[in-house]
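Observations on the model geometry
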Amino acid sequence: MAQAAAKAGMFVWEGTDKRGKKVKGEMSGQSDAFVKATLRRQGINPGKVKKKPKPLFGGTKKITPKDISVFSRQMATMMSSGVPLVQSFEIVGRGHENPSMQELILAVKGDVEAGNNLADSLAKHPLYFDELFVNLVRAGEQGGILEALLDKIATYKEKTEAIKGKIKKALFYPAAVLIMAFVVTAVLMIFVIPQFADLFKDFGADLPAMTLMVIAMSNFVVDNVALLFIGIVGSIVGFVQLKKRSLFVQHLIQRMALKAPVFGDILVKATIARFARTLSTMFAAGVPLVEAMDSVAGAAGNVVYSDAIFRMRDEIATGQQLQVAMRDTELFPNMVVQMVAIGEESGAIDQMLAKVADFYEQEVDDAVDAMSSLMEPLIMAVLGVLIGGLVIAMYLPIFKMGQVV
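Residues numbered from 1 in each chain as written. Predicted model: local features only at pLDDT ≥ 70, side-chain atom pairs only at ≥ 80, totals over all residues. Heavy atoms only, no water.

1. What to know about the overall build of the chain
A tally of helices and strands in the chain yields 17 helices and 3 strands. Over its C-alpha trace the chain gives a radius of gyration of 29 Å, far above what one expects of a compact globule, namely 22 Å for 405 residues. Principal-axis analysis of the C-alpha atoms places the extent of the chain at approximately 100 × 60 × 35 Å. Relative to its 405 residues, the chain shows a buried fraction of 40%. Taking contacts inside the chain between residues at least 6 apart in sequence as the whole, the part at least 24 apart equals 59%. As presented, the chain carries roughly 22500 Å² of accessible surface, and 62% of it is formed by carbon and sulfur atoms. (Helix = DSSP H or I, 4+ residues; strand = E, 2+ residues; numbered from the N terminus. Rg over C-alpha atoms; globule rule 2.2 N^0.38 Å. Buried < 20%, exposed > 50% of the residue type's maximum accessible area, 1.4 Å probe, protein only. Contact = heavy atoms within 4.5 Å. Areas by Shrake-Rupley, 256 points an atom, 1.4 Å probe, with all protein chains shown as cover.)

2. Side note on the environment of Ala-197
Take Ala-197: it is sitting in helix H8 (residues 146-200). A relative accessible area of 13% means that Ala-197 is categorised as buried.

3. Some thoughts on H8
For H8, spanning 55 residues, the distance from its first C-alpha to its last is 77 Å, which sits close to the expected 81 Å at 1.5 Å a residue. Maximal helix bending in H8 amounts to about 40°, located at Met-189. (Expected span 1.5 Å × (residues − 1). Bend = angle between axes of the 7 residues up to and from the residue.)

4. Re the layout of surface pockets
In this structure, the largest pocket spans a volume of roughly 1100 Å³. If you trace the largest pocket, you find 31 residues lining it, with Pro-65, Glu-161, Lys-164, Arg-274 and Gly-301 closest to the centre. Counting only elements with at least two residues in the lining of the largest pocket, the list comes to helix H3 (65-80), H8, helix H11 (247-258), helix H12 (263-284) and helix H13 (289-299). The dominant element in the lining of the largest pocket, judged by the number of residues it contributes, is H8, at 8 residues. Along the lines of polarity and charge, the residues of the lining of the largest pocket split into 15 nonpolar, 8 polar and 8 charged. (1 Å grid on protein atoms, 1.4 Å probe; cavity = no way out; pocket = protein on both sides within 12 Å on 5 of 7 lines; lining within 4 Å. Points joined across faces, edges and corners; volume = space filled by probe spheres on them. Nonpolar A, V, L, I, M, F, W, Y, C, P; charged D, E, K, R; others polar.)

5. With respect to the packing of aromatic side chains
Within this structure, the stated rule accounts for 8 aromatic pairs. Taken together, a centroid distance of 5.0 Å and an interplanar angle of 65° make the contact between Phe-129 and Phe-133 edge-to-face. Take Phe-129 and Phe-133: they sit in the same class, and that class is buried. Ring centres 5.7 Å apart and planes at 80° place the aromatic pair Tyr-305 and Phe-332 in the edge-to-face group. Taken together, the residues Tyr-305 in helix H14 (residues 303-317) and Phe-332 in the loop between helix H15 (322-329) and helix H16 (334-346) connect sequence positions 27 residues apart. Of the two residues examined, Tyr-305 and Phe-332, each falls in the buried class. Ring-pair connections join several aromatic residues into one group, and the members of that group are Phe-71, Phe-89, Phe-129 and Phe-133. (Phe/Tyr/Trp six-rings, centres within 6.5 Å; stacked < 30°, edge-to-face > 60°.)

6. A short note on the packing of H14 against H15
Following both chains from N to C, one finds H14 and H15 inclined at 140°, their axes separated by 9 Å at the closest point. Overall, the two elements H14 and H15 adopt an arrangement that is oblique. Note that H14 runs across H15; the crossing there is right-handed. Of H15, the residues touching H14 (which contributes Ala-308, Met-312, Glu-315 and Ile-316) are Leu-322, Ala-325, Met-326, Asp-328 and Thr-329. For the contact of H14 with H15, the class distribution of residues is 6 nonpolar, 1 polar and 2 charged. (Axes fitted to C-alpha atoms, helices over the stretch in contact; angles between N-to-C directions. Parallel < 35°, antiparallel > 145°, perpendicular 65-115°, else oblique. Left-handed = near helix turned anticlockwise from the far one by under 90°.)

7. Structural notes on unusual backbone geometry
Even without glycine at this site, Glu-330 takes up a positive phi of about 60°. Within the secondary structure, Glu-330 is located in the loop between H15 and H16.

8. Observations concerning the pattern of salt bridges
Here the structure, examined in full by the defined rule, presents 15 salt bridges. Between Lys-109 and Glu-113 there is a salt bridge, with the nearest N and O atoms lying 3.3 Å from each other. With Lys-109 and Glu-113 both in helix H5 (residues 99-113) and 4 residues apart, this pair spans about one turn of that helix. Glu-113 sits in the partly exposed class, given a relative accessible area of 22%. The network of salt bridges with common partners includes Arg-73, Asp-151 and Glu-158. (Salt bridge = Lys/Arg side-chain N within 4 Å of Asp/Glu carboxyl O.)

9. A short note on the environment of His-96
Residue position: His-96 is located in the loop between helix H4 (85-95) and H5. The spatial distance from the C-alpha of His-96 to the C-alpha of Ala-317 is 43 Å, given a sequence separation of 221 residues.

10. Here's the deal with the confidence of the model for the chain
Summarising the model, the chain shows a mean pLDDT of 83, and 93% of its residues fall at 70 or more. In the model, residues 1-7 has pLDDT below 50 throughout and makes 5 contacts with residues more than four positions away in sequence or in other chains. (pLDDT = per-residue confidence, 0-100.)

11. Points about the side chain of Thr-329
Examined against the element boundaries, Thr-329 turns out to sit in helix H15. Of the residues examined, Thr-329 reaches a relative accessible area of 13% and is grouped as buried. The residues contacting Thr-329, other than those within four sequence positions of it, are Ala-308 and Met-312.

12. Quick look at the side chain of Arg-277
Residue placement: Arg-277 occurs in helix H12. A distance of 2.6 Å separates polar atoms of two side chains, one belonging to Arg-277 and the other to Asp-358. A distance of 2.9 Å separates the side chain of Arg-277 from the side chain of Glu-361, its partner in a polar contact. Setting aside residues up to four positions removed in sequence, Arg-277 forms contacts with Tyr-156, Lys-159, Ala-354, Ala-357, Asp-358 and Glu-361. (Polar contact = N/O pair within 3.5 Å; in protein donor to acceptor, adjacent residues only side chain to side chain.)

See below:
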């Protein structure tokens, strides 16, 4: 099934409807025969069916989590307005600006038209619709509340993407400034300082130690620029590939990230917010707690918390309360545990977890703003010392020129 879905493509077709009127359109399918059979079931006599050619330029736009979030919101809106499921897919798919997303939506629509339920159709595309998404849709189909669940999924996706956006925002500014500082330093070392070094050859006096050190560094960089460039690029590419392929490296980075000063605290709050939001959404959809914990662990985004959630699941399966299992991990603040305890006593765990998620999402927002305010003067100080130090080292001999004269 998954292989067939992977080979599906877009086909352009022409035919006639029951009244003999010419109609045409596009449909996703594994072959032209599949498309013709589907059209006949819809009461259309197919004529020409051919594979849609891929555009020469810009035909492979990536599908982003935001695309999936918008898709969920649009489907929830369509269905709550009384539009049938297949027609909703048609409207949303045809109106999407991203060709790749349009193809994905129409592929799912084709599976639904072929008689599959929506959850199974989405499960054929695990790269875009994860286990959490599929489980919630399945619960919605079984409970007859698909539009309500799609709305919850859309809200969940929007909240989690907002959290990710805040984390990226916290990282982007210092990373961009440091990269620019590296580029400026490289330019000074390779092009500017050698000019000063040539100028100082006939200076007629001993150069300051700081100037000699900077010139020596510049000479080393100029002599080994190709080797340094290959080494830096190779190290970055190697680290990225190692991180992508090695589970141990991924886990090591995730564990170290939680202990990083300032930023680690933001990651902890973001992970707790994601845990609370995911579990609240699953619980509100009527998914049993033990089953929900698998999806929650997958959505945690950090191996430390994922492992802890799996241990919690095993404890809950033996009859332990959620609050006790959370306390045993020693990873959740007392406030979160107490909120869950109140939720268990009152039978409103989903509402309490939603409040926890709201609180920690706001905490992440405030922490990112505070960190940005803290980082700006620190980055300026680093840049001042780095760039300013190089400039001062080059001008110190000029300041001594008066003494020589």
